[in-house]
Every structure is written in structure tokens, then in C-alpha cells.
Amino acid sequence: MLDNLDAVILARAQFAFTVSFHFIFPSFSIGLASYLMVLEALWLKTGQGVYANLFRYWLKIFAVVFGMGVVSGVVLSYQFGTNWSVFSTRAGPIIGPLMAYEVMTAFFLEAGFLGVMLFGMSKVGKGLHFFATCMVALGTLISATWIIAVNSWMQTPAGFAINAKDQFVPAGSWIPIIFTASFPYRLVHTVIAAYLTTAFVVGGVGAWHLLRDRTNVGARKMFSMAMWMAAIVTPIQILAGDAHGLNTLEHQPAKVLAMEGHYEPSPDGASLILFGFPSNEAAQVRYKLEVPRLGSLILKHDPAAPLPGLSDFPRDQWPPVPIVFWSFRIMVGLGFAMLAVGLWSLLARFRGMLYDWAWLHRACVALGPAGFVAVIAGWVTTEVGRQPFTVYGLLRTAESHSPLAAPAVAASLVAFVLVYFAAFGAGTYYLLRLMAKPPAPGEKEPPKVPQRAAGITPAGSVGVPLTAAE
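Report follows, based on the coordinates.

Rules and cut-offs
- Here the residue index of a chain counts from 1 through its sequence in written order.
- In keeping with the model being predicted, local features are shown solely for residues with a pLDDT of at least 70 and side-chain atom pairs are shown and tallied solely at 80 or more, while totals for entire chains, interfaces and linings include all residues.
- Hydrogens and water molecules were not included; the side-chain quantities draw on all heavy atoms of the structure.
- Each helix is a run of DSSP H or I of at least 4 residues and each strand a run of E of at least 2, with the numbering of both proceeding from the N terminus.
- Multiplying 1.5 Å by the residue count of a helix minus one yields the expected span of that helix.
- Given a residue, its bend is the angle between the two axes fitted to the seven residues that end at it and to the seven that start from it.
- A pair of strands is treated as paired once DSSP finds two or more bridges between them.
- The buried label goes to any residue with under 20% of its type's maximum accessible area, the exposed label to any with over 50%, and the partly exposed label to all in between, with areas taken from a 1.4 Å probe on protein chains only.
- Contact between two residues is taken to exist if any of their heavy atoms lie within 4.5 Å; hydrogens are not considered.
- Here a Phe, Tyr or Trp ring, Trp counted by its six-membered ring, pairs with any other such ring whose centre lies within 6.5 Å, and the pair is stacked when the planes are under 30 degrees apart, edge-to-face when over 60, and tilted otherwise.
- To form a nonpolar core, buried Ala, Val, Leu, Ile, Met, Phe, Trp, Tyr and Cys residues must be joined to one another through side-chain atoms within 4.5 Å.
- A carboxyl oxygen of Asp or Glu within 4 Å of a side-chain nitrogen of Lys or Arg is what we treat as a salt bridge.

### Looking at helix α3 (residues 85-119)
Link 1 in the chain: The terminal C-alpha atoms of α3, which comprises 35 residues, lie only 41 Å apart, well short of the 51 Å expected from a rise of 1.5 Å per residue.
Link 2 in the chain: At Gly 92, α3 is deflected by roughly 85°, the largest bend along its length, and proline Pro 93 occurs up to four residues later in sequence.

Shown next as C-alpha cells:
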């Protein structure tokens, strides 16, 4: 039976599964490291013990998240060699050095200061400890920068030549390889997403404890800080997403057309399809609910601006529209839900009821994991929208895989599913137990964890998730 399965589809599913698990942890640790830096800075500036207690409270959680990010990330590197050897061979001269730069910068920076940050609060001076915390936070951002550079090159390749072995190699300077056309938009959008993910986790935890004890000083402080982030940063993220979308329309128009569900050209202005059921076979969106010309207004900032359709591109270059269409709507829908909560919190704050409105607190608890769902949906939109290519327009996914038999890939996929759900399920359960305890004075320092760097994914996902980071 397994011989009838497609080895490429299985390999794509395996990478999609493992990268989705991995991406959850760095999207949290990037924001949490910066949050810890802010907490320690406020403690040093004000001398208020609540900030020190919150630092210790979230430091324990950061240690576990960081460790799980390391473990889940190691697997991805091996998959490039086992399942995607052709991609590794052809793109290695570009991808390999960029990932090595991450190791030589972010890895060594984090490895050098992580131990001081985790265990040195009572062993070194306050200034040195704060410096270590800043270096770890900086390391997570540097790691994100290099990995986004890798993914951006795969999305909008530039600065390369093709040698006699059919490999992508630098054409000269590394500057155009690193700073591709989509790099700044992708980096800003991803980092802000990590910050919002952390904000809503912190806000959800604070709200959970406020529902039980509205006088808890730590819960009040973390909830207030999280709601400021939600109110201020969510609108910035929406604007960043709009700029990123315009950039994607310029360089990867088929992806945007798949996100919007536009199979046919719109010479007099495109509608915005709110909901519907896209079909690549029928080349149409069935049962669609749309707003006339709003699509052109969003994408071109002109309601009468023409837009192409997927029919203007060869059919074998269409991405799987249903997946991209719905993952994009999940991401956007959660983004607007976050915006609504941020505005709701401003109203509560203005009325002096931020810690008293139970329904606001319940909404924040419900949206606690929303950031994780949104970043995974965004990553699916980005990577599935790039299909059928691993290197956009140059190397097809079907030409990138290793010569493996379907049963071998299926067996390893099943093993990954079983091990990941067992190991990371236990880790997640432990994290939830840590979060369920209210913040209190004198939080203990965390147990020792492996001192390794945890960046985001080693490259863009070459797999297409079978079910539904831009």
C-alpha cells in the first residue's frame, strides 16, 4: 500500500510537520527574550521588585521554550540531506554560508551569555547580568535575520550565477544575496509577529490569573504591558503586512492571486473575496462572498486598478490555491481579532477598568495561543504560495527531493509524528503548568538547560502542509 504513495508528497508533509512544530518555539523565544530584557531594564531603572519577580517567572518559561526550540530545530538540518539532497546540492553554495553565518554570530553570542542570563542573577553584578540578557535577546534577532535572509533568497533569488555543475553560486558580492527585494519586508513582518505572539501569551497568562485574583500585582503588571503591545503593535503589524503584500504582488504575483482567489483578470478593478471555496480544477471560487473593487483598493490603493489573474500564468506554476486562500484568511482574521482586543483594552484602560472587565480577560485567555496559529498560518501562506518551486521560478520542488522510496519516507514521518507529540506534548504540558502558577515574590531560578542557540527555521519549508511565518 505504501508503494502507491508519492514520496515527494510524503517528504513535503514531513518537512511541513517538523517545521511547523519548530516554528512555534522560536516565534515565542524571540519575543520572550526581548520581554525579559525590558523587564530587567525596568527593574534596574525603578527598583520595583515586581519587575524582578516577573523576570524570574518568565525566565523559567523561556528556558524550557528555548530548549525545545533547539531540539526541534536540529531535525530540520538533517532533513535537507536525507529528503532534499538535490536542493542541498544545487542551492548549498548559497544556503550553506548564510546558515554558517547564523552559527558564527547568533549561536556564539547566545552560547556565550545564555548561562549568565539563566543562572547568574545572584552570581554576577546587575549590570553584567543585564548585558547578558541583552546579548541573548540580540542573538535571537540576529538568528532571525540570517534565517529570514535564507528564506527571502529562496522566495526572491538574486545575486547568483549558475556554475558548470548546475549549482547556484554567488555572482560576486553577498550583499544582493542577503538583502533581496523581499528581505526587509519579510524580516519586519516576522519579528513583529514574534513580539505579538509573546504579547498575547503574556496577556493570556495575566488575564487567567486576574480572573482568579484581581489584586495580584504581577498579573496586573504583565497584563497591562501585554495590552499596551496589543494596542500599539498590532496596527503596526497590519501596516507592515500591507507593505509586504504589495512587495509580494510585485515579485511573486501568482502567490498574491492565490491568496485573493483571483483566477481571472480584473481589468476594471478586482473585488475582495471574503469567503469562498477555491478549486484549481475548475479555476474558480465557488459560493464566494465578495466586495466589489476592494481588492484593487487594498493591493493597488486604487479601486479601479486592473489586476491579473492566475489564468495569465502557466497552469503548472499555480500554487495550491485552497490552502493558500484559507491560511491567509486565518492569519488576517486572527490579526484583526488581536486588533479588536487591543482597542478594547484601551477603552478599559481609559475607563479605569483594565483589571476589572472579566469578559476582556476571558477574551485574552481565548486569544492566548492566537499568535502561534497566526504565525503558522502565515508561514503556510508564504511557503505553499511559493509552490511549485523551492527556489522561486528556478528550481521546482518535484526536482529537489532525494531518490527515496515512499515506504522509507512514510515510516520516518510516522516516527516523527509519534515522537513529536509525545516529547513536545510533555514539554507543552509542563509549560502550561508553569503558567498556571500565579507570579509571586521570590520566584526560583530555572533548572539547567542545554546552552545552544535556537533560531527560527533553517530555511523556508520545502513541504506543502496537508492541512492548513508574510
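### With respect to the pairing of strand β4 (residues 284-291)
Link 1 in the chain: Note: strand β3 (residues 272-279) against β4, six bridges, orientation antiparallel. Counterpart to Phe 275 in the pairing with β4 is Leu 289.
Link 2 in the chain: Counting the residues between successive antiparallel strands, the hairpin from β3 to β4 contains four residues, one of them, Ala 283, with a positive phi of roughly 55°.

### Comments concerning the environment of Pro 267
Link 1 in the chain: Mapping Pro 267 onto the fold places it in the loop between α8 (253-260) and β3.
Link 2 in the chain: Its relative accessible area of 59% is what places Pro 267 among the exposed residues.
Link 3 in the chain: Between the alpha carbons of Pro 267 and Gly 309 there is a distance of 9.7 Å; along the sequence they are 42 residues apart.
Link 4 in the chain: Discounting residues that sit within four places of it in the chain, Pro 267 has contacts with Ala 304 and Pro 306.

### Observations concerning the side chain of Ser 34
Link 1 in the chain: By the secondary structure assignment, Ser 34 is in helix α1 (residues 7-46).
Link 2 in the chain: In this structure Ser 34 comes out as buried when scored by relative accessible area, which is 9%.
Link 3 in the chain: Residue contacts for Ser 34: discarding those within four places in its chain leaves Ala 137 and Tyr 195.

### What about the packing of aromatic side chains?
Link 1 in the chain: For the structure shown, the criterion picks out 30 aromatic pairs.
Link 2 in the chain: An angle of 35° between the planes, with centres 6.0 Å apart, marks the rings of Phe 80 and Phe 87 as tilted.
Link 3 in the chain: Residue classification places Phe 87 among the buried residues on the basis of a relative accessible area of 2%.
Link 4 in the chain: Judged by centre distance (5.8 Å) and plane angle (70°), the ring pair of Phe 389 and Tyr 392 falls under edge-to-face.
Link 5 in the chain: Among the aromatic residues, those joined into a cluster by ring pairs are Phe 17, Phe 21, Phe 25, Phe 416, Tyr 420, Phe 421 and Phe 424.

### Here we look at the nonpolar core
Side chains that are nonpolar tend, in soluble globular proteins, to be buried together.
Link 1 in the chain: Counting residues in hydrophobic clusters, the biggest one holds 69 residues, and the most contacted among them are Phe 28, Tyr 35, Leu 39, Trp 58, Ile 61 and Phe 62.
Link 2 in the chain: Here the element with the most residues in this core is helix α2 (residues 49-82); it accounts for 17 residues.
Link 3 in the chain: Ranked by size, the runner-up nonpolar core spans 64 residues in total, among them Leu 257, Leu 307, Phe 328 and Ala 377.

### Structural notes on the pattern of salt bridges
Link 1 in the chain: A complete count under the given rule lists four salt bridges for this structure.
Link 2 in the chain: Arg 90 is the partner of Asp 166 in a salt bridge, and the nearest nitrogen-oxygen pair spans 3.3 Å. Taken together, the residues span a long stretch of sequence, with Asp 166 in the loop between β1 (160-162) and β2 (168-170) and Arg 90 in helix α3 at a distance of 76 residues.
Link 3 in the chain: The salt bridge involving Arg 396 is made with Asp 316; its shortest N-O contact spans 3.4 Å. One end of the pair, Arg 396, is in strand β6 (residues 395-396); the other, Asp 316, is in the loop between α9 (294-300) and α10 (321-350), with 80 residues separating them in the sequence.

Keep in mind these numbers describe shape, not what the thing actually does.
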